[in-house]
Amino acid sequence: MTADALDIPGLLAQAILADRGLAALSPAACAQALELDSLTLCLLDHSGLELIWYDPEHHAEISFEDLQFTLGQGPTLDAARTGEPVLVPDLHTVPESRWPAFLQAIGRHHPRAVFALPLTLGAIRLGVLTGHRNSPGTLTRPQIQALFALAEGAVTIVTTPQGIHDMRADQPISLHRAVIHQATGALTVRLNLSIDQALIRLRAYAFTYNRSLHDVAKDVVQHGSSLDKPPTC
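First, a word on what this report is: a plain description of the structure on this page. (Residues numbered from 1 in each chain as written. Predicted model: local features only at pLDDT ≥ 70, side-chain atom pairs only at ≥ 80, totals over all residues. Heavy atoms only, no water.)

**What to know about the overall build of the chain**
Turning to step 1, where the next piece is worked out: When its secondary structure is counted, the chain shows 10 helices and 5 strands.
Turning to step 2, where the next piece is worked out: Across the 233 residues of the chain, 47% fall into the buried class.
Turning to step 3, where the next piece is worked out: Intrachain contacts of the chain at a sequence separation of at least 6 include 61% that bridge at least 24 residues.
Turning to step 4, where the next piece is worked out: Per element, the accessible surface of the chain, about 11500 Å² overall, is 54% carbon and sulfur. (Helix = DSSP H or I, 4+ residues; strand = E, 2+ residues; numbered from the N terminus. Buried < 20%, exposed > 50% of the residue type's maximum accessible area, 1.4 Å probe, protein only. Contact = heavy atoms within 4.5 Å. Areas by Shrake-Rupley, 256 points an atom, 1.4 Å probe, with all protein chains shown as cover.)

**Notes on the side chain of Ser38**
Turning to step 1, where the next piece is worked out: Of note, Ser38 is situated in strand β1 (residues 38-45).
Turning to step 2, where the next piece is worked out: Residue class for Ser38 comes out buried when judged on its relative accessible area of 3%.
Turning to step 3, where the next piece is worked out: Ser38 has contacts with Ala31, His58, Glu61, Thr130, Gly131 and His132, leaving out every residue within four places of it along the chain.

**Some thoughts on the pairing of strand β2 (residues 48-53)**
Two faces belong to every sheet, and in a regular strand the side chains alternate between them.
Turning to step 1, where the next piece is worked out: For β2, the buried fraction is high: 5 of the 6 residues fall into the buried class.
Turning to step 2, where the next piece is worked out: When β1 meets β2, the two strands line up antiparallel, connected through 5 bridges. Residue pairing across strands places Cys42 opposite Leu51, the latter belonging to β2. (Pairing = 2+ DSSP bridges.)

**Structural notes on the packing of aromatic side chains**
Turning to step 1, where the next piece is worked out: Overall, the coordinates contain 3 aromatic pairs when judged by the stated rule.
Turning to step 2, where the next piece is worked out: Taking 5.3 Å as the distance between ring centres and 70° as the angle between the ring planes, the aromatic pair formed by Phe64 and Phe102 counts as edge-to-face. Note that Phe64 is positioned in helix α3 (residues 59-71) and Phe102 in helix α5 (residues 100-105), a separation of 38 residues in sequence. Both residues of the pair, Phe64 and Phe102, count as buried.
Turning to step 3, where the next piece is worked out: Measuring from centroid to centroid gives 6.2 Å for Trp99 and Phe102, while their planes differ by 85°, and the two rings are edge-to-face. (Phe/Tyr/Trp six-rings, centres within 6.5 Å; stacked < 30°, edge-to-face > 60°.)

**Some remarks on the sheet that holds strand β4 (residues 113-121)**
Turning to step 1, where the next piece is worked out: Within the open sheet, the 5 strands sit side by side as β2-β1-β5-β4-β3. Their pairing is antiparallel. Edge positions in the open sheet fall to β2 and β3 (86-88), since each of these has one partner strand only. Between one strand and the next, the sheet's axes are offset by a mean angle of 25°, whatever the strand orientation.
Turning to step 2, where the next piece is worked out: With 6 bridges joining them, β1 and strand β5 (residues 124-133) adopt antiparallel strand pairing. Bridging across to β5, Cys42 finds its partner in Val128.
Turning to step 3, where the next piece is worked out: Contacting β1 and β2, helix α2 (residues 27-34) crosses the sheet at an angle of about 120° to β1.
Turning to step 4, where the next piece is worked out: Strand contacts of helix α6 (residues 141-158): β1, β4 and β5, with the helix running at about 40° to β4, the strand carrying the most contacts. (Axes fitted to C-alpha atoms, helices over the stretch in contact; angles between N-to-C directions.)

**Some remarks on the packing of α3 against helix α4 (residues 75-82)**
Turning to step 1, where the next piece is worked out: Across the interface, α3 lies against α4 with an axial gap of 8 Å and an inter-helix angle of 55°. Here α4 runs oblique to α3, going by the angle between their axes. Of the residues in α4, those in contact with Phe64, Glu65, Gln68 and Phe69 of α3 are Pro75, Thr76 and Leu77.
Turning to step 2, where the next piece is worked out: Split by residue class, the contact of α3 with α4 holds 4 nonpolar, 2 polar and 1 charged. (Parallel < 35°, antiparallel > 145°, perpendicular 65-115°, else oblique. Nonpolar A, V, L, I, M, F, W, Y, C, P; charged D, E, K, R; others polar.)

**Details of the pattern of salt bridges**
Turning to step 1, where the next piece is worked out: If you walk through the whole model with that rule in mind, you get 3 salt bridges.
Turning to step 2, where the next piece is worked out: The shortest N-O distance in the salt bridge between Arg112 and Asp90 comes to 2.6 Å. A residue pair is termed long-range when its members are at least 10 positions apart, and Arg112 in the loop between α5 and β4 and Asp90 in the loop between β3 and α5 qualify at 22 residues.
Turning to step 3, where the next piece is worked out: When its relative accessible area of 23% is taken as the criterion, Arg112 is described as partly exposed.
Turning to step 4, where the next piece is worked out: For Arg211, the salt bridge goes to Asp219, with nearest N and O atoms at 2.8 Å. (Salt bridge = Lys/Arg side-chain N within 4 Å of Asp/Glu carboxyl O.)

**Looking at the packing of α3 against helix α9 (residues 195-208)**
Turning to step 1, where the next piece is worked out: Contact pair α3 / α9: the axes reach a minimum separation of 9 Å and the direction vectors enclose 115°. Facing α3, whose interface residues are Phe69, Thr70 and Leu71, α9 presents Leu199, Arg203, Ala206 and Phe207.
Turning to step 2, where the next piece is worked out: Class assignment of the residues belonging to the contact of α3 with α9 gives a composition of 5 nonpolar, 1 polar and 1 charged.

**What to know about α4**
Turning to step 1, where the next piece is worked out: For α4, a buried count of 6 out of 8 residues is recorded, marking the element as mostly surrounded by other parts of the structure.
Turning to step 2, where the next piece is worked out: Within α4 the residues assigned to the buried category are Pro75, Thr76, Leu77, Asp78, Ala79 and Ala80.
Turning to step 3, where the next piece is worked out: Of the residues one or two after α4, Gly83 is the one with positive phi, at around 75°.

Encoded structure:
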């Protein structure tokens, strides 16, 4: 373990002093300090979990979180629903009955171990911090303590005025799923659906044709698709 490992308090202190919300906290630096491969943070909104903090270089982990959002199953989703940590040292050993669609859909390029901690403020559930590792195995006690410290620090940051700014239209952190929200809104108008019904339609189409939710949403927004026909090759 390096001298800089687990220096989560130092990273959080720097971010809080910078007063720029989550934009001042590096996902890559935090993951390195925790000896994980990547970290993501999702906040709860009207459509579920909005991915707002992540390293854009880690495509597999982003895809992993998007897959959970599409299917409505997985460790991050469970942590959000229950308000309890979901620590999975090896996804290959999880019974298929726990997340049937999700476990069938994940590929070999996705993380092997996942550690999801709910972000809470009293009884209020704000979101989920999820750590990913490409190799199986449990976390050490210091790693668990540092991961919980990061979750608590993230709550502190997102509940400050500058942290709340992260979820606004002109925030420094782009909303990863903005195109999905746009597509959902477009379908409500075109098909006279509720927001919930439109999102279900998006998810069902993505799952049926084995496409990413982002690609389906782009078809709706950029090409005017109403998702009433199979995708063209």
